[in-house]
Amino acid sequence: MERIYIQEVAPRDGLQIEDQFLPTDAKVDLVNKLSKTGIDKIEVTSFVSPKAVPNLRDAEEVMKSIDRQRDVTYTTLIPNFRGAERALACASDEVNLVASVSETHNRKNVRQSVKASFENFQDIASFLSGTGMAINGTLATTFGCPFEGSINEDRVVVLVDRYLELGVKGITLADTTGMATPKQVYRICQKVRSRWPDIPITLHFHNTRGMGLANVIEGIRAGVDRYDASLGGLGGCPFAPGATGNICTEDLVHMLQFMDYDTNVNLDELIGVSKYLESLLNHEVPGQVMKAGKITDLYPVS
């Protein structure tokens, strides 16, 4: 049975654009509950400026308060050198760097050129060298940009190479606003994996146009076995127009388990945590399986 690794991003990607601030103890409780479901990695928070993302202004408190499970990787997104210092002080297992393939989106997202982003990443990589903290490199807008449109696939390869020169341990190809199509996903993943077959690749999809899970299937066909997803289908980039939620974690796990993939996740527990999240937020979340139930949930004949 083929193993697929599930990486949860709701505590960061999902909560960052909520209208309300979720209290620190609720965030900690959410991460602790997720840690017990069999999820492989959790993106706990982002060490970003509180002015830029006020919903994550309690990043240090959350990171220092969670109960860590030995078989779960706890990662944090960092935008700059100061973020690296904060992540190290909180003993993150991994930090996630983000640069856009699109020059326009990178300037909207972090207010600097892609070249400047990678120059800053070099300083971060040097600082973290020897600390034991892993670095993951994410390429936003890999499959399309809401400002520039189509992305040059050769540029994706060039920027993956730049990340690897920094010594990153993994690469994430991100579909920031849900512009990816299944054939495109297969083609780009094949191109990257054929050049670097031993580098762990993660795919990060949004379901903006309803193609998120179809894109996962093509990613698996291309040999990618790691997927970001967000509990309840929360999420979206605050710096990109039309960026609705990420693919939903429980919907993804449900699909994979009933296709006989091994995810190591307890689906019933995961659905329960999604319902708990909905109660915390006090509004409906996009996830489907938590509403409809599993395909094995049968009903009595009236």
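Everything here concerns the structure above.
Only a predicted model underlies this, so the values are computations on that prediction, with no experimental measurement involved. (Residues numbered from 1 in each chain as written. Predicted model: local features only at pLDDT ≥ 70, side-chain atom pairs only at ≥ 80, totals over all residues. Heavy atoms only, no water.)

Draft legend 1. Up close: the overall build of the protein chain. Within the protein chain one finds twelve helices and eight strands. The C-alpha radius of gyration computed for the protein chain amounts to 18 Å, which stays within 12% of the reference 19 Å derived for 302 residues, consistent with globular compactness. Projected onto its principal axes, the C-alpha positions of the protein chain cover 65 × 40 × 35 Å. A buried classification covers 55% of the 302 residues belonging to the protein chain. Contacts in the protein chain between residues far apart in sequence, at least 24 positions, make up 75% of those at least 6 positions apart. Here the protein chain has roughly 12900 Å² of accessible surface; of this, 48% comes from carbon and sulfur atoms. Both charge centroids of the protein chain, one from 31 positive and one from 39 negative side chains, sit 5 Å from each other. (Helix = DSSP H or I, 4+ residues; strand = E, 2+ residues; numbered from the N terminus. Rg over C-alpha atoms; globule rule 2.2 N^0.38 Å. Buried < 20%, exposed > 50% of the residue type's maximum accessible area, 1.4 Å probe, protein only. Contact = heavy atoms within 4.5 Å. Areas by Shrake-Rupley, 256 points an atom, 1.4 Å probe, with all protein chains shown as cover. Lys, Arg positive; Asp, Glu negative; His and termini not counted. Charge placed at Lys NZ, Arg CZ, Asp CG, Glu CD.)

Draft legend 2. Structural context of the packing of helix 2 (residues 24–35) against helix 11 (residues 267–281). At their nearest, the axes of helix 2 and helix 11 sit 10 Å apart, and the two run at 170° to each other. It follows from the interaxial angle that helix 2 and helix 11 lie roughly antiparallel. Of the residues in helix 11, those touching helix 2 at Ala26, Asp29, Leu30, Lys33 and Leu34 are Leu270, Val273, Tyr276, Leu277 and Leu280. For the contact of helix 2 with helix 11, the residue count by class is eight nonpolar, no polar and two charged. (Axes fitted to C-alpha atoms, helices over the stretch in contact; angles between N-to-C directions. Parallel < 35°, antiparallel > 145°, perpendicular 65-115°, else oblique. Nonpolar A, V, L, I, M, F, W, Y, C, P; charged D, E, K, R; others polar.)

Draft legend 3. Seen up close, the sheet that holds strand 5 (residues 134–140). Strand order in this closed barrel of eight strands is 1-2-3-4-5-6-7-8, and the pairing throughout is parallel. For this sheet the average axis-to-axis angle between neighbouring strands, irrespective of direction, equals 25°. By the bridge criterion, two bridges tie strand 1 (residues 5–8) to strand 2 (residues 41–46) in an arrangement that is parallel. Among the inter-strand pairings, Glu8 is bridged to a residue of strand 2, identified as Ile42. The strands touched by helix 7 (residues 153–165) are strand 4 (94–100), strand 5 and strand 6 (170–174); relative to strand 5, the strand with the most contacts, the crossing angle is about 165°. (Pairing = 2+ DSSP bridges.)

Draft legend 4. Representation of the packing of helix 6 (residues 114–128) against helix 7. Axis separation between helix 6 and helix 7 bottoms out at 11 Å; the angle between their running directions is 20°. As judged from the angle between their axes, helix 6 and helix 7 are roughly parallel. The way helix 6 lies across helix 7 gives a crossing that is right-handed. Every residue of helix 7 that contacts helix 6 at Val114, Lys115, Phe118 and Phe121 is listed here: Arg155, Leu159, Arg162 and Tyr163. Here the contact of helix 6 with helix 7 is composed, by residue class, of five nonpolar, no polar and three charged. (Left-handed = near helix turned anticlockwise from the far one by under 90°.)

Draft legend 5. Seen up close, unusual backbone geometry. Although it is not a glycine, Asp260 adopts a positive phi angle of roughly 70°. One can find Asp260 in the loop between helix 10 (249–257) and helix 11. Judged by relative accessible area, which is 55%, Asp260 ranks as exposed.

Draft legend 6. Local environment of the side chain of Thr75. As for its position among the elements, Thr75 is in strand 3 (residues 73–77). Contacts of Thr75, omitting those with residues within four sequence positions, involve Lys41, Ile42, Glu43, Val44, Thr45, Glu94, Val95 and Asn96.

Draft legend 7. Molecular detail of the packing of aromatic side chains. A complete count under the given rule lists five aromatic pairs for this structure. When the ring of Phe81 is compared with that of Phe127, the centres are 4.9 Å apart and the planes differ by 55°; the resulting orientation is tilted. Highlighted residues: Phe81 in helix 4 (residues 81–89) and Phe127 in helix 6, separated in sequence by 46 residues. Centroid distance Phe143 to Phe205: 6.0 Å. Interplanar angle 45°. Geometry classified as tilted. Placement of the pair is Phe143 in the loop between strand 5 and helix 7 and Phe205 in the loop between strand 7 (201–204) and helix 9 (212–221), with a sequence separation of 62 residues. The pair formed by Phe143 and Phe205 is uniform in burial state, with each residue classed as buried. Following the ring pairs from residue to residue traces out a cluster consisting of Phe118, Phe121 and Tyr163. One cation-aromatic arrangement involves Lys33 over Tyr276; the distance from NZ or CZ to the ring centre is 4.8 Å. Sitting over the face of the ring of Tyr5, Arg226 holds its NZ or CZ atom 4.6 Å from the ring centroid. (Phe/Tyr/Trp six-rings, centres within 6.5 Å; stacked < 30°, edge-to-face > 60°. Lys NZ or Arg CZ within 6 Å of the ring centre and 35° of its normal.)

Keep in mind these values describe shape, not function.
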